[in-house]
Amino acid sequence: MMGSLEYFIVWAVYLGFGVLFMAQLFALTAARSYFTKVMIRGHFMVLAFTPAEIAEFPGHYAPAVLTLAMDVLLKGAATTFAGGFILLVAYLAMLASTGVYGLVGRRQNRVASESAAH
């Protein structure tokens, strides 16, 4: 594939631009409702930052959504179980964590507002 230095440079550039785009996305969604904001941000973070191992190059990783797309385009849908499973687990973790955060955050806000009223 490529030398280890180039591999790390490519990932550094990818993650750097991903973080810059994420900052812009967070600023654009700040005024949205909790559910809309969390879903937009969560989808972006799962799609942009979930890695998957490249089958042809063991030990090398790429964004899972790109490996899944390349597998579907080049090999057909029958061989995409690994990339799809990784994205499924990442989405389930995102939904569970945002649900828990939403419940705990609302409960803490309610307790804080009740204690401030007394």
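Cut-offs and rules
Residues numbered from 1 in each chain as written. Predicted model: local features only at pLDDT ≥ 70, side-chain atom pairs only at ≥ 80, totals over all residues. Heavy atoms only, no water. Helix = DSSP H or I, 4+ residues; strand = E, 2+ residues; numbered from the N terminus. Buried < 20%, exposed > 50% of the residue type's maximum accessible area, 1.4 Å probe, protein only. Contact = heavy atoms within 4.5 Å. Areas by Shrake-Rupley, 256 points an atom, 1.4 Å probe, with all protein chains shown as cover. pLDDT = per-residue confidence, 0-100. Phe/Tyr/Trp six-rings, centres within 6.5 Å; stacked < 30°, edge-to-face > 60°. Lys NZ or Arg CZ within 6 Å of the ring centre and 35° of its normal. Polar contact = N/O pair within 3.5 Å; in protein donor to acceptor, adjacent residues only side chain to side chain. Expected span 1.5 Å × (residues − 1). Arc of directions from axis to C-beta. Patch = residues over 30% accessible without salt bridge, like charges linked within 9 Å, V, L, I, M, F, W, Y side chains within 5 Å. Salt bridge = Lys/Arg side-chain N within 4 Å of Asp/Glu carboxyl O. Core = buried A, V, L, I, M, F, W, Y, C linked by side-chain atoms within 4.5 Å.

Engineer: Pulling in residues and values, what's your account of the overall build of the protein chain?
Structural biologist: Along the protein chain, the regular secondary structure elements total 4 helices and 2 strands. Tracing the protein chain from N to C terminus, the helices and strands come up as α-α-β-β-α-α. Looking at the protein chain as a whole, 25% of its 118 residues are labelled buried. Nonlocal contacts in the protein chain, meaning residues at least 24 apart in sequence, comprise 45% of its contacts between residues at least 6 apart. For the protein chain, the exposed area adds up to about 8300 Å²; of that, 73% sits on carbon and sulfur atoms.

Engineer: So what's going on with the confidence of the model for the protein chain? Which residues, and what values?
Structural biologist: On average, residues of the protein chain carry a pLDDT of 82, and 82% of them reach 70 or more. Per-element averaging of pLDDT across the protein chain places helix α4 (residues 81–117) at the bottom with 78 and helix α1 (residues 4–28) at the top with 91.

Engineer: Go over the packing of aromatic side chains, please, and point to the residues and values.
Structural biologist: Two descriptors summarise a pair of aromatic rings, namely the distance from one centre to the other and the angle between the planes of the rings. Throughout the structure, instances matching the rule amount to 5 aromatic pairs. Ring geometry for tyrosine 7 and phenylalanine 8: centres 5.7 Å apart, planes at 70°, overall edge-to-face. Among the aromatic residues, those joined into a ring-pair cluster are Phe21, Phe44 and Phe49. Against the face of phenylalanine 26 rests arginine 41, its NZ or CZ located 4.1 Å from the ring centre.

Engineer: For the environment of methionine 94, give the residues involved together with the corresponding values.
Structural biologist: Checked against the element boundaries, methionine 94 lands in helix α4. Contacts of methionine 94, omitting those with residues within four sequence positions, involve Met39, Gly42, His43 and Val46.

Engineer: An account of the side chain of threonine 67 is requested, with residue identities and associated values reported.
Structural biologist: Counting through the fold element by element, threonine 67 comes out in helix α3 (residues 64–75). The class of threonine 67 is buried, set by a relative accessible area of 13%. In terms of polar contacts, threonine 67 uses its side chain to reach the backbone carbonyl oxygen of alanine 64, at 2.9 Å. The residues contacting threonine 67, other than those within four sequence positions of it, are Ala52, Ile54 and Ala62.

Engineer: So what's going on with α3? Residues and values would help.
Structural biologist: Between its terminal C-alpha atoms α3 stretches 15 Å, which fits the 16 Å expected from 12 residues at 1.5 Å a residue. For α3, the complete set of buried residues consists of Ala64, Thr67 and Asp71. Projected down its long axis, α3 shows its buried positions confined to an angular sector of 65°, all on one face.

Engineer: Can you break down a nonpolar patch on the surface residue by residue, with the values?
Structural biologist: Where nonpolar side chains cluster on the molecular surface, the patch consists of Leu5, Ile9, Val13, Phe17 and Leu20 and spans about 530 Å² of accessible area. Looking at the element boundaries, leucine 20 is found in helix α1. On the basis of relative accessible area, leucine 20 is assigned to the exposed category, the value being 52%.

Engineer: So what's going on with the nonpolar core? Which residues, and what values?
Structural biologist: Core analysis: the largest hydrophobic core is formed by 8 residues, namely Val38, Met39, Val46, Ala52, Ala64, Leu87, Ala90 and Met94. Where this core is concerned, the elements lending two or more residues are α2 (34–49) and α4. For alanine 64, the residues in contact, after removing those within four places along its chain, are Thr50, Pro51, Ala52, Ile86 and Leu87.

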